[in-house]
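Chain residues, written in single-letter form:
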Amino acid sequence: MRCIFFVLFFILERCRAEDLHVGGIFPIGGTGGWRGGQACMPAAQMAFEDVNKRDDLHKRFGYQLILHSNDSECEPGLGASVMYNLLYNKPQKLMLLAGCSTVCTTVAEAAKMWNLIVLCYGASSPALSDRSRFPTLFRTHPSATVHNPTRIKLMQKFGWSRVAILQQAEEVFISTVEDLENRCKEAGVEIVTRQSFLSDPTDAVRNLRRQDARIIVGLFYVVAARRVLCEVYKQQLYGSAYVWFFIGWYEDNWFEVNLKSENISCTAEQMREAAEGHLTTEALMWNQNVEQKTISGMSSEDFRLRLNKELIKNGYDISHNRYPEGYQEAPLAYDAVWSVALAFNKTIEKMQDKGKGLKSFNYNDKNIANEIYSAMNSTSFLGVSGVVAFSSQGDRIALTQIEQMNDGQYRKLGYYDTQADNLTWFDEEKWPNNKVPQDRTVIKRVLRTVSLSLFICMSCVSGCGILIALILIIFNIVKRNRRVIASSHPVCNTIMLVGVITCLISVILLGIDGQFVDPESFTMVCQARTWLLAIGFTLAYGAMFSKVWRVHRFTTKAKTDSKKKVEPWKLYTMVSGLLAVDLIILLTWQLEDPLERKLEIFPLEDPGIQSEDIKIMPELEHCESQNHSVWLGIIYGFKGLILVFGLFLAYETRSIKVKQINDSRYVGMSIYNVVVLAIITAPVTMVIASQQDASFAFVSLAVIFCCFLSMLLIFVPKVIEVINNPSDKLDTKSSTDTGISKEDEERYQKLLSENEELQRLISQKEEKIRILRQRLSDSDPTTRKT
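Here the structure is a predicted model, which means the values were calculated and not measured.

Caption draft 1: Summary view of the overall build of the protein chain. The helix and strand tally for the protein chain stands at 22 helices and 18 strands. Buried positions account for 50% of the 786 residues belonging to the protein chain. In the protein chain, 74% of the contacts between residues at least 6 apart in sequence involve partners at least 24 apart. By element, 55% of the accessible surface of the protein chain is carried by carbon and sulfur atoms, the whole surface being about 37,700 Å².

Caption draft 2: Focus on helix α2 (residues 37-53). Its 17 residues give α2 an end-to-end C-alpha distance of 24 Å, which sits within 8% of 24 Å, the value for a rise of 1.5 Å per residue. Of all 17 residues that make up α2, 14 are buried, and the element is covered over most of its length.

Caption draft 3: Fine view of the sheet that holds strand β4 (residues 117-122). Strand order in the open sheet formed by five strands is β2-β1-β3-β4-β5, and the pairing between neighbours is parallel. Edge positions in the sheet fall to β2 (64-71) and β5 (137-139), since each of these pairs with one other strand and no more. Strand-to-strand twist of the sheet, defined as the mean angle between neighbouring strand axes without regard to direction, takes the value 25°. Across three bridges, the pairing between β4 and β5 is parallel. The residue of β5 that forms the bridge with Val118 is Leu137. With respect to the sheet, α2 is in contact with β1 (19-26), β2, β3 (95-99) and β4, its orientation differing from that of β2 by roughly 165°.

Caption draft 4: Broad picture of the state of the cysteines. Counted by the stated rule, this structure contains four disulfides. Disulfide partner of Cys230: Cys266, at an S-S distance of 2.0 Å. Judged by the sign of its S-S torsion, about 85°, the bond between Cys230 and Cys266 is right-handed. In this pair, Cys230 sits in helix α9 (residues 222-234) while Cys266 sits in the loop between β9 (243-247) and α10 (268-275), placing the two residues 36 residues apart along the sequence. Across this residue pair, the class does not change: Cys230 and Cys266 are buried.

Caption draft 5: Geometry of the packing of helix α4 (residues 76-88) against helix α5 (residues 101-111). With their axes 8 Å apart at the nearest point, α4 and α5 run at an angle of 40° to one another. As judged from the angle between their axes, α4 and α5 are oblique. Relative to α5, α4 is oriented so that their crossing is right-handed. For the pair α4 and α5, the contacting residues are Pro76, Gly79, Ala80 and Met83 in the first and Thr102, Val103, Thr106, Val107 and Ala110 in the second. The residue inventory of the contact of α4 with α5, partitioned by class, reads six nonpolar, three polar and no charged.

Caption draft 6: View of the packing of aromatic side chains. Across all of its chains, the model carries 29 aromatic pairs by this definition. Between Trp160 and Phe245, the aromatic rings sit 6.3 Å apart at their centres with planes inclined by 90°, giving edge-to-face as the arrangement. Of the two residues, Trp160 sits in the loop between α6 (147-158) and β6 (162-168) while Phe245 sits in strand β9, which places them 85 residues apart along the sequence. Residue Phe245 is classed as buried on the basis of its relative accessible area, which comes to 0%. Seen in terms of ring centroids, Tyr233 and Tyr238 are 5.6 Å apart; in terms of plane orientation they differ by 15°. Their pairing is stacked.

Caption draft 7: Just the environment of Glu251, in detail. By secondary structure assignment, the location of Glu251 is in the loop between β9 and α10. Through-space distance from the C-alpha of Glu251 to that of Arg322 is 8.9 Å; in sequence the pair is 71 residues apart. Apart from the residues lying within four places of it in its own chain, the contact partners of Glu251 are Tyr323, Pro324, Glu325, Gly326, Tyr327, Gln328 and Glu329. A distance of 3.1 Å separates a polar side-chain atom of Glu251 from the backbone nitrogen of Gly326.

Caption draft 8: The arrangement of the side chain of Gln404 in detail. Tracing the sequence through the fold places Gln404 in strand β13 (residues 400-406). At 3.4 Å, the side chain of Gln404 and the backbone oxygen of Gly277 are in polar contact. Within the local environment of Gln404, its side chain forms a polar contact with the backbone nitrogen of Lys430, the two atoms lying 3.0 Å apart. For Gln404, the contacting residues outside a window of four places in its chain are Gly277, His278, Leu279, Gln409, Tyr410, Arg411, Leu413, Glu428, Glu429, Lys430 and Trp431.

Caption draft 9: Region of the structure containing α5. For α5, the tally of buried residues reaches nine of 11 residues, placing the bulk of the element in the interior. Every buried residue belonging to α5 is among Ser101, Thr102, Val103, Cys104, Thr105, Val107, Ala108, Ala110 and Ala111, and all of these are buried. On the buried face of α5, the contacting elements are β1, α4, β3, β4, β5 and α7 (171-187).

Caption draft 10: Representation of unusual backbone geometry in the model. Here the bond from Lys90 into Pro91 is cis, since omega is 0°, no more than 30 degrees from zero. With respect to the element layout, Pro91 can be found in the loop between α4 and β3. Even without glycine at this site, Asn258 takes up a positive phi of about 60°. By the secondary structure assignment, Asn258 is in the loop between β9 and α10.

Caption draft 11: Region of interest: the packing of α2 against helix α12 (residues 330-353). As a packed pair, α2 and α12 sit with axes 7 Å apart at the nearest point and diverge in direction by 35°. The crossing of α2 and α12 is right-handed. Across the interface between the two elements, Ala39, Cys40, Ala43, Ala44, Met46, Ala47, Phe48, Asp50 and Val51 from α2 touch Ala330, Ala333, Tyr334, Val337, Trp338 and Ala341 from α12. In terms of residue class, the contact of α2 with α12 is made up of 14 nonpolar, no polar and one charged.

Caption draft 12: Spotlight on the nonpolar core. Grouped together as the largest cluster of nonpolar side chains are 141 residues, with contacts concentrated most on Leu166, Phe303 and Phe344. With 14 residues, α12 is the single largest residue contributor to this core. Dropping the residues within four chain positions of it, Phe344 is found in contact with Leu20, Val22, Tyr63, Leu65, Leu94, Met95, Leu358 and Ile372. By size, the runner-up hydrophobic cluster in this structure holds 60 residues, among which are Leu504, Ile585, Ile704 and Cys706.

Caption draft 13: Molecular detail of the sheet that holds strand β14 (residues 409-417). Judged by pairing direction, the sheet is mixed, and its eight strands sit side by side in the order β7-β6-β8-β9-β10-β13-β14-β15 without closing on themselves. Each of the sheet's edge strands pairs with one partner strand only, and the pair in question is β7 (190-197) and β15 (422-425). Neighbour-to-neighbour, the strand axes of this sheet turn through a mean angle of 25°, independent of strand direction. In terms of strand pairing, β14 meets β15 through four bridges, oriented antiparallel. By the bridge assignment, Asp417 is partnered in β15 with Asn422. Sitting on the sheet, α7 is in contact with β6, β7, β8 (215-219) and β9, with an inclination near 170° to β6.

How each quantity is defined
Residues numbered from 1 in each chain as written. Predicted model: local features only at pLDDT ≥ 70, side-chain atom pairs only at ≥ 80, totals over all residues. Heavy atoms only, no water. Helix = DSSP H or I, 4+ residues; strand = E, 2+ residues; numbered from the N terminus. Buried < 20%, exposed > 50% of the residue type's maximum accessible area, 1.4 Å probe, protein only. Contact = heavy atoms within 4.5 Å. Areas by Shrake-Rupley, 256 points an atom, 1.4 Å probe, with all protein chains shown as cover. Expected span 1.5 Å × (residues − 1). Pairing = 2+ DSSP bridges. Axes fitted to C-alpha atoms, helices over the stretch in contact; angles between N-to-C directions. Disulfide = S-S within 2.5 Å. Parallel < 35°, antiparallel > 145°, perpendicular 65-115°, else oblique. Left-handed = near helix turned anticlockwise from the far one by under 90°. Nonpolar A, V, L, I, M, F, W, Y, C, P; charged D, E, K, R; others polar. Phe/Tyr/Trp six-rings, centres within 6.5 Å; stacked < 30°, edge-to-face > 60°. Polar contact = N/O pair within 3.5 Å; in protein donor to acceptor, adjacent residues only side chain to side chain. Core = buried A, V, L, I, M, F, W, Y, C linked by side-chain atoms within 4.5 Å.

And the structure:
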């Protein structure tokens, strides 16, 4: 009974009228969120002790500040429960202190119903800046959005215009990312991907690799940060090619502590390796002038030493840099208590004029709540975290500090003043190989072109062929009165040689690509290739085709009309007809669906030198139109038809030799070769079209071989004949355009008729002989039956 009485007496003494009570909600335990209460609660308790010792604060008005607190574990549900217990259990609270964004969101949204001011020492969610939603909220912790202008400034400084975002699915990070996206859009920075996760970041980190993310902004609590960093190590998303932005309010050794207890599968060495080089941005939470005395009479360094002693008493191994969570935010919790004390002082001064005191406050008293709000809103003092002042949204106004992890230690790179847009830079950053990482894989577009040596070789061979064809044209004209030339239709031979020259010129054009001409000129080269190759083929092949056709006509004359003659002009008409069909097709193609330069893109390749930032994108130029396959089908169909028909005629006349066309057998052999090579070349070229050297070499050799073989078969025998018989000339009086006299033609037709008549008589004689032999056999006595 005495014990109970003593406890009740103690409580009543603590609840005397001059005490002002503050509720405290500290995230200390738990596993998933921020456990900053581990350091912030000792700092807040230090502040309550210091405030209560000051004569100019508590003795002036005769009160002391009393803290009533409990653990929220950074769980909004538990935080709400703690808040209700604080409010519904005496004594009455005048204000609430809270930490952890998720808990502050719940508490601040509900506290307005009790007319309570909420002061958050460890909440950075941008959503808390909404005055319509949180009308009674203040916070000594700057909003997380204060980091975003700094991140944008760094991206501009290092020339990064492409970033990725990895976030934990918490409201504080979701709203921060939304603000970052808006700022990136204004700054012209592309967000290549935005990945989020609840607890397991494995898939999200893996997706970053698939998106080729190089500059990555990470937004998550420290427990999730360790899981992310381990997965970063596994996916090899660190090193000279990557830059990570982490939140700066983690402890300095956050990446190597609690690995076993949190079931992190990476070792401390691996975590340190993956963490090397990352950047952090954080609002300044410690006064940078370590010797400047603050409102408490301590400098920030004095506060650090005193806090370390308190933490050591609480069992934390500070001597080995094993700081508890919330160590960086501890000055914010300390200054938050001073903000409460100063606001209460101002409120008491105003209330005295009205004859009231804070002791009369209840949860329905909106007037006193407004006075406390007004006093808090005008608060400004120098604390251990720097100048403490609040914006119209209740946010802390602060500079941003930029640090980089180098050799396992954080090194300050500079400060950024968002309001003045002033970046103070120390030039202390370190990058692997002294090279700022790229924000993407640099894609170098490399045009695949025909090998220069191959092009020169084929062009030289084609040039030699053109020269030989020109010499043969001169030879054909000069020696046109020689019997061997005149009997082979020299005009047809000249047409064939012109076609050969045209085809050989097209070979040179086939090798002209982007290494010689610009894209616009390449389109003209495309069109010239098609025209020259199609027309050259028609002239060369058409001339040979007309000769074989005339030989075939000679072999059938006797059966049809022996008097009707095939005039030489009909040969030229046939070539002209084939050429006209070509011109109609090509002109229609040109007007309706012209050839254009199209690029074939190949998979990315590694450059010759080792580099993580450069990939080669091979490209290959093609000549194509919208309905390219249709037009090729028409061209191939027409050419294929005359090739097949020419092959048929050559086969039919393979053993026929006529005096009027003395080179018909050689022409037939040339047609065989052209047909065979055309049948092979067309499909093979389509298959190897993506291999520029092989395609060019194959087509060029096929065309060159056809041209040289045709000239060899048709003209070499004539040249040899002219050399061996220099005086053998044709009688010009009896010659025609083709070198065939009318008498020779009539004699030839007469011999054909006589031959047929003799064949008929021979058949009749053979039939009579057969009958006589049969009779002899029947009359032989040795064959009769006995």
